[in-house]
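Below, each chain spelled out in residue letters.
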Amino acid sequence: MKIKTFEKPKNGHHLNGFSATEIGDDHLYTGMETPMKKDAFKLTDEEKKKRIAFLFEEIMDVMGLDLTDDSLKGTPDRVAKMYIDEIFSGLNPKNKPKVALFDNKYQYNQMLVEKNITFYSNCEHHFVPIIGKAHLAYISSGKVIGLSKLNRIVQYYAKRPQVQERLTNQIANELKNVLGTEDIAVIIDAKHLCVSSRGIKDDTSATVTTYYGGAFNDPQKIIELHNYINH
């Protein structure tokens, strides 16, 4: 049995003998950062929308759709706007949420848990939805963050082509950097439509990924956290 690793493929087509299709179906990824070109922001958002609309119109035409139909003729523009302004807006750093910290004047030194944060992302291998919930926890090192900002951080990293393991770690790293503490936990429970609507077509399975940092590496803290989440 071959063991698949996470080394970045040098030729862009194979990873240790596995094809790009096999890599995609197995949801492998090659690094912590979302893969981006160096000139990813050379075009303005409006220029990107025009180019995407043109290219998506070509895709629809190749599939044989009648682009003169009233229901379809606006679709390329709608898709372009959706990609740039909505479901992939997390690719652009200008959309990163501004986070303000506040002194922990209440002297609350136990874990704070924000659970059941609903998010919608897209699998980077097939560009179909990932739908799930994120649970975040941290122990203050002297500063606290507005609760809505926890949700916004999740949404920012979810709104890009993703792999769930990377999404989990990106959220955790952002929380560590913002809050200045290692005492961070992130749990993501999600369904992948690339598994349920195509490929193996398993509609009952879900994927859970976790990050436990600092104090959350204590088994008792993990049990406490899960008790809060499942309560």
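Just so it is clear, the structure is predicted and the values come from calculations on it, not from any experiment.

The rules we used
Residues numbered from 1 in each chain as written. Predicted model: local features only at pLDDT ≥ 70, side-chain atom pairs only at ≥ 80, totals over all residues. Heavy atoms only, no water. Patch = residues over 30% accessible without salt bridge, like charges linked within 9 Å, V, L, I, M, F, W, Y side chains within 5 Å. Areas by Shrake-Rupley, 256 points an atom, 1.4 Å probe, with all protein chains shown as cover. Salt bridge = Lys/Arg side-chain N within 4 Å of Asp/Glu carboxyl O. Lys, Arg positive; Asp, Glu negative; His and termini not counted. Charge placed at Lys NZ, Arg CZ, Asp CG, Glu CD. Helix = DSSP H or I, 4+ residues; strand = E, 2+ residues; numbered from the N terminus. Buried < 20%, exposed > 50% of the residue type's maximum accessible area, 1.4 Å probe, protein only. Contact = heavy atoms within 4.5 Å. pLDDT = per-residue confidence, 0-100. Phe/Tyr/Trp six-rings, centres within 6.5 Å; stacked < 30°, edge-to-face > 60°. Lys NZ or Arg CZ within 6 Å of the ring centre and 35° of its normal. Pairing = 2+ DSSP bridges. Axes fitted to C-alpha atoms, helices over the stretch in contact; angles between N-to-C directions. Parallel < 35°, antiparallel > 145°, perpendicular 65-115°, else oblique. Left-handed = near helix turned anticlockwise from the far one by under 90°.

Draft legend 1. Spatial organisation of a negative patch on the surface. Where like charges cluster on the molecular surface, the negative patch consists of E57, E58, D61 and D77. Top element by residues in the negative patch is helix α2 (residues 45–62). It accounts for three residues. Considering the arrangement of structural elements, one finds E58 in helix α2.

Draft legend 2. Fine view of the side chain of K176. By the element assignment, K176 lies in helix α5 (residues 164–179). Take K176: its relative accessible area is 17%, and that puts it in the buried class. With residues up to four places along the chain from it excluded, the contact list for K176 reads T181, E182, I184 and Y211.

Draft legend 3. A look at the confidence of the model for the chain. Here the chain averages 90 in pLDDT, while 87% of its residues score no lower than 70. Confidence drops under pLDDT 50 across residues 1–6; counting only partners more than four residues distant or on other chains, this segment forms 10 contacts.

Draft legend 4. Layout of the packing of aromatic side chains. Scanning the model with the defined rule gives three aromatic pairs in all. Look at Y156 and Y157: their rings are 4.9 Å apart centre to centre, the planes differ by 75°, and that puts the pair in the edge-to-face class. Among the aromatic side chains, those forming a connected cluster through ring pairs are Y83, F88 and F127. Note that R160 overlies the ring of Y156, its terminal NZ or CZ placed 5.1 Å from the centroid.

Draft legend 5. The arrangement of the sheet that holds strand β4 (residues 111–123) in detail. With mixed pairing, the five strands of this open sheet are ordered in space as β7-β4-β5-β8-β9. What marks the edges here is a single partner per strand, and that holds for β7 (161–162) and β9 (207–212). Sheet analysis places strand β5 (residues 129–139) next to strand β8 (residues 184–192), joined by nine bridges and oriented antiparallel. The residue bridging G132 from the neighbouring strand is A190, located in β8. Here helix α4 (residues 147–158) sits on the sheet and contacts β4, β5 and β7; the angle it forms with β4, its principal contact strand, is near 25°.

Draft legend 6. Representation of the packing of α4 against α5. For the pair α4 and α5, the least separation of the axes is 10 Å and the interaxial angle reads 140°. When the axis of α4 is compared with that of α5, the two are oblique. In the crossing of α4 with α5, the sense of the turn from one axis to the other is right-handed. Each of L150, I153, V154, Y157 and A158 in α4 lies in contact with α5, whose residues at this interface are L167, Q170, I171, E174 and L175.

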